[in-house]
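Architecture at a glance
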Amino acid sequence: MPGTNATSRPRSRVAEPLTAAGADPQRLYEAAVQNPDADLDFMSRVYTRLRGRPPRSIREDFCGSGLTSAAWVKRSRENSAVGIDLDARTLEWGRRHHLAGLDPEQSARVRLARRNVLRPGPDASDVDAVLAMNFSYWVFKTREALRGYFEAVHASMRRDGVFFLDHYGGWESQRPQIDRKRCKGFTYLWEQRSFNPVTFDADCRIHFEFRDGTSIRDAFTYDWRLWQIPEIRELLSEAGFRRTSVFWEGDDDKGGGNGVFREVTRPEVCPVHIAYIVAAR
Ligand SMILES: C[S@@+](CC[C@H](N)C(=O)[O-])C[C@H]1O[C@@H](n2cnc3c(N)ncnc32)[C@H](O)[C@@H]1O
């Protein structure tokens, strides 16, 4: 996710070596970018409000290491999760670092599968909620491709399933920029190297810097289309979702986000925003 300072979601949780040598980019990424508890708290709250019961089964699309799936099954014995991603190495990293730490009962309720999100498969279907976080769905760069993904999600969920996506935008997101964030033991850099206002294509990169002057450049790279909220909602509707809503992050009065997301129709305009889009089947 972009290293925007306008959100409170990213959080650093691990101390890493103070040098590039020996640092694990996946661990740094998770510490700087991911906040599974925030995503899961939000998803549970909104799902329960919509459906009158807590969600139990989730699918984590673009799961990477499956950090969120592992966190979900730790929360309750009734929870289950399947994570899908194309990248075999990251999935294996997740099995070793997140799934291996679970007890046998928890392990039995989570799976990571190497698959395309366009074809999740019957054993990754009929879930209560699908999560597509950290803007990963921006890898689909045409209306047809993104609608195709949304159709695949729609077809694979329970009849009362709910789809959760996140979004960043605002005028400051539409230009080349580098945001820096100090984390424990390293600095996280989110670089939007280029932005094309005609196509909305963006070349985005993550770098890590260390106090001894070493760095890991291009640790992660993304070739994305920066989709805008109205386009996403239209495509969700075309894919069959009956209702979509937008939840906007509140302001911490210091130029950042406060981590509290409320449903909005006419939010405060900000230079950078983080939002969740919720699509109900
Ligand atoms: C930005 S990372 C997201 C990692 C993690 N889920 C997160 O929230 O930070 C994007 C992930 O999407 C995966 N990916 C890209 N296209 C995919 C596809 N069509 N099907 C499944 N995974 C895909 C990549 O392998 C990568 O692990």
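Parameters at a glance
- Residues numbered from 1 in each chain as written.
- Predicted model: local features only at pLDDT ≥ 70, side-chain atom pairs only at ≥ 80, totals over all residues.
- Heavy atoms only, no water.
- Axes fitted to C-alpha atoms, helices over the stretch in contact; angles between N-to-C directions.
- Helix = DSSP H or I, 4+ residues; strand = E, 2+ residues; numbered from the N terminus.
- Parallel < 35°, antiparallel > 145°, perpendicular 65-115°, else oblique.
- Left-handed = near helix turned anticlockwise from the far one by under 90°.
- Contact = heavy atoms within 4.5 Å.
- Nonpolar A, V, L, I, M, F, W, Y, C, P; charged D, E, K, R; others polar.
- Pairing = 2+ DSSP bridges.
- Phe/Tyr/Trp six-rings, centres within 6.5 Å; stacked < 30°, edge-to-face > 60°.
- Buried < 20%, exposed > 50% of the residue type's maximum accessible area, 1.4 Å probe, protein only.
- Salt bridge = Lys/Arg side-chain N within 4 Å of Asp/Glu carboxyl O.
- pLDDT = per-residue confidence, 0-100.
- Near = heavy atom within 4 Å.
- Polar contact = N/O pair within 3.5 Å; in protein donor to acceptor, adjacent residues only side chain to side chain.
- Areas by Shrake-Rupley, 256 points an atom, 1.4 Å probe, with all protein chains shown as cover.
- 1 Å grid on protein atoms, 1.4 Å probe; cavity = no way out; pocket = protein on both sides within 12 Å on 5 of 7 lines; lining within 4 Å.
- Sits in = over half its atoms within 2 Å of the grid points.
- Core = buried A, V, L, I, M, F, W, Y, C linked by side-chain atoms within 4.5 Å.

With respect to the packing of helix α6 (residues 143–156) against helix α7 (residues 229–238)
As a packed pair, α6 and α7 sit with axes 9 Å apart at the nearest point and diverge in direction by 55 degrees. In terms of axis orientation, α6 runs oblique to α7. By crossing handedness, the relation of α6 to α7 is classed as right-handed. On α7, the residues touching R143, L146, R147 and F150 of α6 are I232, E234, L235, L236 and E238. When the residues that make up the contact of α6 with α7 are grouped by side-chain class, the tally is 5 nonpolar, no polar and 4 charged.

A look at the sheet that holds strand β1 (residues 57–61)
Read across the sheet, 8 strands follow the order β3-β2-β1-β4-β5-β12-β10-β11 without closing on themselves; strand pairing throughout is mixed. Both edges of this open sheet fall to β3 (110–114) and β11 (257–264), since each of them pairs with a single strand only. Between one strand axis and the next, the sheet turns by 20 degrees as a mean value, whatever way the strands run. The sheet contact formed by strand β10 (residues 243–251) and strand β12 (residues 273–280) spans 6 bridges and is antiparallel. Bridge pairing links W248 to A275 in β12. Against the sheet, helix α2 (residues 36–51) touches β1, β4 (127–132), β5 (157–169), β10, β11 and β12, its axis set at about 135 degrees to β5.

Some words on the packing of aromatic side chains
Using the criterion set out here, one finds 26 aromatic pairs in the structure. Between the aromatic rings of W138 and Y168, the centroid separation amounts to 5.0 Å while the plane-to-plane angle is 50 degrees, which identifies the pairing as tilted. Note that W138 is positioned in the loop between β4 and α6 and Y168 in strand β5, a separation of 30 residues in sequence. Judged on exposure class, the residue W138 and its partner Y168 are both buried. Summarising the aromatic geometry, the rings of W190 and W224 are spaced 5.9 Å apart at their centres and angled 35 degrees between planes, so their arrangement reads as tilted.

A few points about the pattern of salt bridges
Per the counting criterion, the structure on display carries 25 salt bridges. Among the salt bridges present, the one from E238 reaches R147, with a minimum N-O distance of 2.8 Å. Placement of E238 in helix α7 and of R147 in helix α6 is noted, with a sequence separation of 91 residues between them. The partly exposed category is assigned to E238, whose relative accessible area is 39%.

Description of the sheet that holds strand β9 (residues 215–225)
Pairing within the open sheet is antiparallel, and its 4 strands lie in the order β6-β7-β8-β9. Strands with a single pairing partner mark the edges of an open sheet, and in this sheet they are β6 (177–183) and β9. Sheet twist, expressed as the mean angle between neighbouring strand axes with direction ignored, is 15 degrees. Note: strand β8 (residues 201–209) against β9, 8 bridges, orientation antiparallel. Across the sheet, the residue bridging to A202 is W224, located in β9. Strands β6, β7 (186–195), β8 and β9 of the sheet are contacted by helix α1 (residues 25–33), whose axis makes an angle of about 65 degrees with β9.

Brief notes about the confidence of the model for the protein
Across the protein, pLDDT averages 93, with 94% of residues at or above 70. Confidence over residues 3–12 falls short of pLDDT 50; this stretch has 45 contacts with residues more than four positions distant or in other chains.

Some words on the site of the ligand
As a matter of local geometry, the ligand sits amid 15 residues, with Y29, F62, D85, N116 and N134 nearest to it. Y29 is positioned such that a nitrogen or oxygen atom in its side chain is 2.3 Å from an oxygen atom of the ligand. Residue L86 places a main-chain N or O atom 3.2 Å away from a nitrogen atom belonging to the ligand. Protein burial of the ligand: of its 600 Å² of free accessible surface, 85% is covered by the chains. Of all the cavities here, the one that holds the ligand is the largest pocket. Classifying every residue of the shell around the ligand by side-chain character gives 7 nonpolar, 5 polar and 3 charged.

Side note on the nonpolar core
Grouped together as the largest cluster of nonpolar side chains are 82 residues, with contacts concentrated most on Y137, Y149, F150, F163, F164 and F208. Setting aside its immediate chain neighbours within four residues, F164 contacts F42, M43, V46, Y47, A129, V130, L131, A132, M133, I277 and V278.

A short note on the packing of α1 against helix α4 (residues 88–99)
Where α1 meets α4, the closest approach of the two axes is 11 Å, and the angle between their N-to-C directions is 75 degrees. Between α1 and α4, the angle falls in the class roughly perpendicular. Between α1, through Q26, R27 and E30, and α4, the contact on the second element is made entirely by T90, W93, H97 and H98. In terms of residue class, the contact of α1 with α4 is made up of 1 nonpolar, 4 polar and 2 charged.

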